[in-house]
Structure formats: structure tokens, C-alpha cells
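Here is what each chain is made of, one letter per residue.
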Amino acid sequence: MARQILKQSPTNVSAMSALATALGAQYRFREATEALAPLVTQPALVRANRGEALPALLQLSLAHQQLAQYDEALAAVSAARAALPSGEALDVYEVQVLLAARRFEAALAVTDRMRSRTPDDTQAQLLHARALLGAGRGAEAITQLEAAARQHDDDLEVAFGLADAYVAGKQFDRAVQVLARIETAGADDDRLTLRLIGVYES
């Protein structure tokens, strides 16, 4: 159906997105990127269909990441950013691409900007810690996450992030302590079991 619509209306963004979704479900990511490519090359199309085009551009970025095409993935995020009055909301997506590409210093530059804007935002803190770990600055990541855990002692994501940082630093006893506190708090999360297994296998 989406292909038929695109034959009649090649710039129908909803049809582009629907086709890319169907292709992605079949792991045909290269074809999915081709279906959405006009959104990067035609900024006017994005501006005219902002509500549909912005999520489609993020969909395009994810498809490029599946193909390890990180420059193209960043270009899709940049195209989405250009269509917004303020592109700050897209910082998270940019960082995720940079982390996948192992461009940790570039990721740190973005997370520094995010943290300066919203110092208490746990997502920014977690992304910053991941970038620090990737850049080989594990001790800094642990220090930051320990502070975040004190400030947000009921935040599961922060606790998991701290446990992961301890494991990366081979501080397994501390990782177990954090995970045990999560278990004691009654958290029902499959990630808890997986992490405990990972620690004991390390």
C-alpha cells in the first residue's frame, strides 16, 4: 500500500515512514534508508510536514545505525534539528549515535552541554557517564554516578548505571551491593537478574 501511495505522491511522508517501518521489520535497513532519504535532501519537505517528518528522520537515523553508517545517522539528526525552533531535545539522539560510533569525546561535548542546561537531569548524567567509560575515564564516571545515586536514591536507571560502571571498573563487590539494594527495594526488573548473572560470571 505504501509503495502504491508513493508512486502517486512521491513526497508523502507518512507513506515513506510506513514503507521504512515495514522494511525495517524485515531487517532491510538499506532499503529503509532509501525510502526516507528525501527527508535529508529536501529540507522544504521536512518544514512542510514537520509533525510527520521529525519522527521519520529519527527513524532514518536508527536505520543508518543498524548499518553502522554513523555519519549518515548524524546527518538525519541534524536535519531534524534544523527543522525545530530549538534543537535541544535532539541532543539525546545525537549522543546515542556518537556512543554507537565510539566517538566518545564528541559525545562528551554534547553531554557537557546537556548537563550545563539541566544539571539534575539523570538521563544527561547517565549518557555522560557512558561517554566517560567509553573514553577510558572510568573513575570519573563512577564518581559522577555515585553522586547521582545519592541525589536520586530511588532512581533505578541511575542504580543500574552505577552497577555497570562498577563492573567496568572490576569493582564487583560494589556492583553486587548496588544490585542487592535494588533487589531489597522490591524492583521487578529482568535487568536485575541479567546483571547479577553477569557479575557472578565476571
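Scroll up to find the structure this text is about.
Parameters at a glance
- Residues numbered from 1 in each chain as written.
- Predicted model: local features only at pLDDT ≥ 70, side-chain atom pairs only at ≥ 80, totals over all residues.
- Heavy atoms only, no water.
- Helix = DSSP H or I, 4+ residues; strand = E, 2+ residues; numbered from the N terminus.
- Buried < 20%, exposed > 50% of the residue type's maximum accessible area, 1.4 Å probe, protein only.
- Contact = heavy atoms within 4.5 Å.
- Lys, Arg positive; Asp, Glu negative; His and termini not counted.
- Charge placed at Lys NZ, Arg CZ, Asp CG, Glu CD.
- Polar contact = N/O pair within 3.5 Å; in protein donor to acceptor, adjacent residues only side chain to side chain.
- Core = buried A, V, L, I, M, F, W, Y, C linked by side-chain atoms within 4.5 Å.
- Axes fitted to C-alpha atoms, helices over the stretch in contact; angles between N-to-C directions.
- Parallel < 35°, antiparallel > 145°, perpendicular 65-115°, else oblique.
- Nonpolar A, V, L, I, M, F, W, Y, C, P; charged D, E, K, R; others polar.
- Salt bridge = Lys/Arg side-chain N within 4 Å of Asp/Glu carboxyl O.

Trainee: An account of the overall build of the protein is requested, with residue identities and associated values reported.
Mentor: Of regular secondary structure, the protein possesses 14 helices and zero strands. Helices (α) and strands (β) of the protein occur, in sequence order from the N terminus, as α-α-α-α-α-α-α-α-α-α-α-α-α-α. Here the C-alpha coordinates of the protein stretch approximately 60 × 35 × 30 Å along the principal axes. Per-residue burial for the protein yields a buried fraction of 40% across its 202 residues. Here the analysis covers contacts within the protein between residues at least 6 apart in sequence; of these, 44% occur between residues at least 24 apart. In the protein, which carries 20 positive and 25 negative side-chain charges, the distance between the mean positions of the two groups comes to 7 Å.

Trainee: Go over the side chain of His 128, please, and point to the residues and values.
Mentor: Tracing the chain through its elements places His 128 in helix H10 (residues 122–134). Taking the relative accessible area as the measure of exposure, His 128 reaches 6% and is therefore buried. A distance of 2.7 Å separates a polar atom in the side chain of His 128 from a polar atom in the side chain of Thr 111. Ignoring sequence-local partners within four residues, the contact set of His 128 consists of Leu 108, Thr 111, Asp 112, Arg 115 and Gln 144.

Trainee: For the nonpolar core, give the residues involved together with the corresponding values.
Mentor: With 61 residues, the main nonpolar core has Leu 39 and Leu 179 as its most contacted residues. At seven residues, the largest contribution of residues to this core is made by helix H6 (residues 50–66). Setting aside its immediate chain neighbours within four residues, Leu 179 contacts Phe 160, Ala 163, Leu 192, Arg 195, Leu 196 and Val 199.

Trainee: So what's going on with the environment of Arg 28? Which residues, and what values?
Mentor: Counting through the fold element by element, Arg 28 comes out in the loop between helix H2 (13–25) and helix H3 (29–36). The class for Arg 28 is partly exposed, based on a relative accessible area of 31%. Sequence separation between Arg 28 and Leu 67 is 39 residues; the distance between their C-alpha atoms is 9.9 Å. Other than its neighbours up to four places away in sequence, Arg 28 contacts Arg 3 and Leu 23. A distance of 2.7 Å separates polar atoms of two side chains, one belonging to Arg 28 and the other to Gln 26.

Trainee: Lay out the packing of H6 against helix H8 (residues 91–100) in plain terms, naming residues and giving numbers.
Mentor: Direction vectors running N to C along H6 and H8 enclose 5°, while the axes themselves pass 11 Å from each other. As far as their axial angle goes, H8 and H6 are roughly parallel. Of the residues in H8, those in contact with Leu 58, Ser 61 and Gln 65 of H6 are Tyr 93, Gln 96, Val 97 and Ala 100. Class assignment for the residues of the contact of H6 with H8 results in four nonpolar, three polar and no charged.

Trainee: So, the environment of Arg 130: which residues are in play, and what are the values?
Mentor: Here Arg 130 is to be found in helix H10. For Arg 130, a relative accessible area of 48% corresponds to the partly exposed category. Sequence spacing of Arg 130 and Glu 52 is 78 residues, and the spatial spacing of their C-alpha atoms is 31 Å.

Trainee: Give me the lowdown on the pattern of salt bridges, citing residues and values where you can.
Mentor: Inspection of every chain in the model, using the stated rule, returns 12 salt bridges. In this structure, the salt-bridge partner of Asp 91 is Arg 117, at a minimum N-O distance of 2.9 Å. Taken together, the positions of Asp 91 in helix H8 and Arg 117 in helix H9 (residues 104–117) put the pair 26 residues apart, joining distant regions of the chain. Overall, the relative accessible area of 1% leaves Asp 91 in the buried class. One salt bridge in this structure joins Glu 146 and Arg 174, with 3.7 Å as the shortest N-O distance. Residue Glu 146 is located in helix H11 (residues 138–151), and its partner Arg 174 is located in helix H13 (residues 172–184); the two are separated by 28 residues in the primary sequence. Taking the relative accessible area as the measure of exposure, Arg 174 reaches 43% and is therefore partly exposed.

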